[in-house]
Every structure is written in C-alpha cells, then in structure tokens.
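Examination of the molecular architecture
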Amino acid sequence: MSIVIAVDGTAASGKGTLAKRLARHFGFAHMDSGALYRLTALAVLANEGDPAREADALKGARSIDLSRAGDPAIRTDIIGKAASQVAAIPSVRAALHDFQKNFLAHPPGGSPGAVMDGRDIGTVIAPDANAKLFVDAAPEVRAHRRWLELSGMGIGRNEAELLAEIVARDHADRTRAVSPLKQAPDADLLDTTSLGIEPAFAAALRLVQPRIDSALKASPRG
Ligand code: DC
C-alpha cells in the first residue's frame, strides 16, 4: 500500500504549490488532478465541442493527451472555466477516476507515496488517505495572487473580473451534484489568507508530517 496525501481546496488557493512542495519533501510522486479536467476541456475546445454537453465532454475525457499536462495552454482562465463545466458531468468524472486511483495505488518511479491535489481527492478518490488537507483563502486574496501570477507572465487582467471568475468557479464546484468541492470531515483546514508560500508550507508540514511519520512506522519499506 502506498502512502497518500490528499490536498483539496478552492481555486487559486495555493493547493497545487503546496502539493508539489509536500511531494518533494517526502520524495513522493505528485499529480495535479485538475490537469486531467483541464486537458479534457482543451480536447473539447480543440474539437469545437461544447464543454457542457456530455457527448463532447466524454469524448474529450477519453482522448486526453497526458504529455500536455505541463503545457501553459491549459492554465488559461477560459480552459479553467471549461474544466469546471466538464467536471460537473458524472460520466467524465468516472472516465478519469481509474487513472487517478491507479496513480495513487502505484505511484510512478517506485515512490513510496503520492500527493494528489484537486477537489474530491479526500472525499471520493482517496477517502482513506493517510493525510488530508483542505486549503482555502479569502477570495480577494486568491484573486490578487492570480493577478500577480498573470502580471508576472505579462498578462494584464482586471482584478475585480478575476475575483468574479474565482467566486463563480468555486460556486459551480461546490454546488455540482457529483463529487462537489467540500472539506472531508477528517481533513485539516489550512487557511492561507495571511500566509506566504513558506509559512503556508511550514503550516502544511506541521499538519501532515506526524500522520506520514506514523504511516511510515506502520508500514516500513526497505
Ligand atoms: O485546480 P484547477 O483549477 O486546475 O481545476 C480545474 C477545474 O477542474 C476545477 O474548476 C474543478 C475541476 N476539478 C475537479 O472537479 N476535481 C478535481 N479533483 C480537480 C479539478
């Protein structure tokens, strides 16, 4: 059994950065499950399909190109919105489910564990995860971070518009019928509203480290 850290949270909360840092710290594999939904959205839009239409979205989910998971083209806000739409379709989630479960059961590179970030990792994909974080921050702070990130990439955006998009996406993710975004009852809440990256990582580690230490003790590898 591999060790699993589930990191869920709201849009632009910093969960991806924290998940990556945790994976590096523990020597675990990392997967950003949001990339699967974003790749699905990319495939749908490339085919001139409608991300809210089940047939189009399912076709997209079945034809994702994993080699593009690191492609900046999937990070745009247009893809983010379309990803949220395809993610509300149960058959799309089912099509991506086994891939995620398999990654956690057999982390690539023979890693002893895996960190996965998303919206339903601690609730649906890995309810038995050894450690679960739910990362959130005030919407205004998340919009500002996103604005800074985009400005750094030379993309000028109106911050109020970004805030409205983030609030709309959270609402869509929290209110969908299937696998909605919510904190698992046994997840630790990490509010990064007033925390920069380093203090947020230190806080995450304080919550996660004891759980991983006891998991490693219970199933030593060698
Ligand atoms: O984390 P992100 O912004 O890359 O996610 C893009 C969209 O994908 C998000 O709006 C909701 C969806 N998603 C999901 O429904 N379940 C996940 N495990 C990950 C992402």
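Up top is the structure.
Here the residue numbering is sequential within each chain, running from 1 through the sequence in written order. Residue-level local features of this predicted model are given only where pLDDT is at least 70; pairs of side-chain atoms are given and counted only at 80 or more, and the full residue set underlies all totals for whole chains, interfaces and linings. Water and hydrogen atoms play no part in the side-chain values, which are based on all heavy atoms of the structure.

This part covers the overall build of the chain. In terms of helices and strands, the chain carries 9 helices and 5 strands. Secondary structure is summarised from DSSP: a helix means a run of H or I of at least four residues, a strand means a run of E of at least two, and numbering begins at the N terminus for each. Of the regular secondary structure in the chain, the N- to C-terminal order runs β-α-β-α-α-α-α-β-α-β-α-α-β-α. Taking the principal axes of the C-alpha coordinates as reference, the chain spans close to 50 × 40 × 30 Å. The criterion used for residue contact is that any of the two residues' heavy atoms lie within 4.5 Å. For the chain, long-range pairs separated by at least 24 residues make up 78% of all intrachain contacts whose partners lie at least 6 apart in sequence. Residue burial considers only the protein chains on display, and all accessible areas are found by Shrake-Rupley using a 1.4 Å probe. As displayed, the chain has an accessible area near 10700 Å², and 57% of this comes from carbon and sulfur atoms. His is not counted, nor are the chain ends, whereas Lys and Arg count as positive and Asp and Glu as negative. Lys charges are placed at NZ, Arg charges at CZ, Asp charges at CG and Glu charges at CD. With 27 positive and 26 negative side-chain charges, the chain shows a separation of 3 Å between the mean positions of the two kinds.

The next point concerns helix 8 (residues 159–175). Expected span, for any helix, means 1.5 Å times one less than how many residues it has. Spanning 17 residues, helix 8 covers 24 Å between terminal C-alpha atoms, matching the ideal 24 Å at 1.5 Å per step. For each residue, the accessible area found with a 1.4 Å probe, counting protein chains only, is set against the maximum for its type, and the residue is called buried under 20%, exposed over 50%, and partly exposed in between. Buried residues of helix 8: Leu-162, Ile-166, Asp-170 and Asp-173, and no others. Buried residues in helix 8, looked at end-on, bunch into an arc of 70°, giving them a common side. Residues of helix 8 that are exposed and angled more than 90 degrees away from the buried face: Ala-160 and His-171. Between a side-chain oxygen at the N-terminus of helix 8 and the backbone nitrogen of Ala-160 the separation is 2.8 Å; the capping residue is Asn-158. Arc, as used here, means the arc of the directions from the helix axis to the C-beta atoms. Contacts described as polar in this section are N or O atom pairs within 3.5 Å, which, within protein, must combine one atom able to donate a hydrogen with one able to accept it, while residues neighboring in sequence count only if both atoms come from side chains.

Looking at the ligand, there are 17 residues lining it, with Arg-38, Arg-93, Arg-119, Arg-169 and Arg-176 nearest. Compared with its free state, where it exposes 450 Å², the ligand has 97% of that area covered by protein. With 3 residues, the top contributor of residues to the shell around the ligand is helix 2 (residues 34–46). Partitioning the shell around the ligand into residue classes produces 4 nonpolar, 4 polar and 9 charged. One heavy atom within 4 Å of a molecule or strand makes the whole residue count as near it. In this classification, Asp, Glu, Lys and Arg are treated as charged, Ala, Val, Leu, Ile, Met, Phe, Trp, Tyr, Cys and Pro as nonpolar, and every other residue, Gly included, as polar.

For the rest of this paragraph, the subject is the layout of surface pockets. Only protein atoms enter the calculation, which uses a 1 Å grid: trapped sets of points that fit a 1.4 Å probe without letting it out are cavities, open sets showing protein on both sides within 12 Å along at least five of seven lines are pockets, and any residue with an atom within 4 Å of a point is a lining residue. Grid points are joined across faces, edges and corners, and a volume is the space filled by probe spheres set on the points. Volume-wise, the second largest pocket comes out at about 340 Å³. What lines the second largest pocket is a set of 15 residues, among which Met-1, Ser-2, Val-4, Asp-128 and Ala-129 lie closest to the centre. Breaking the lining of the second largest pocket down by element, the ones donating at least two residues are strand 1 (3–9) and helix 5 (90–105). If one sorts the elements of the lining of the second largest pocket by residue count, helix 5 sits on top with 3 residues. Classifying every residue of the lining of the second largest pocket by side-chain character gives 10 nonpolar, 3 polar and 2 charged.

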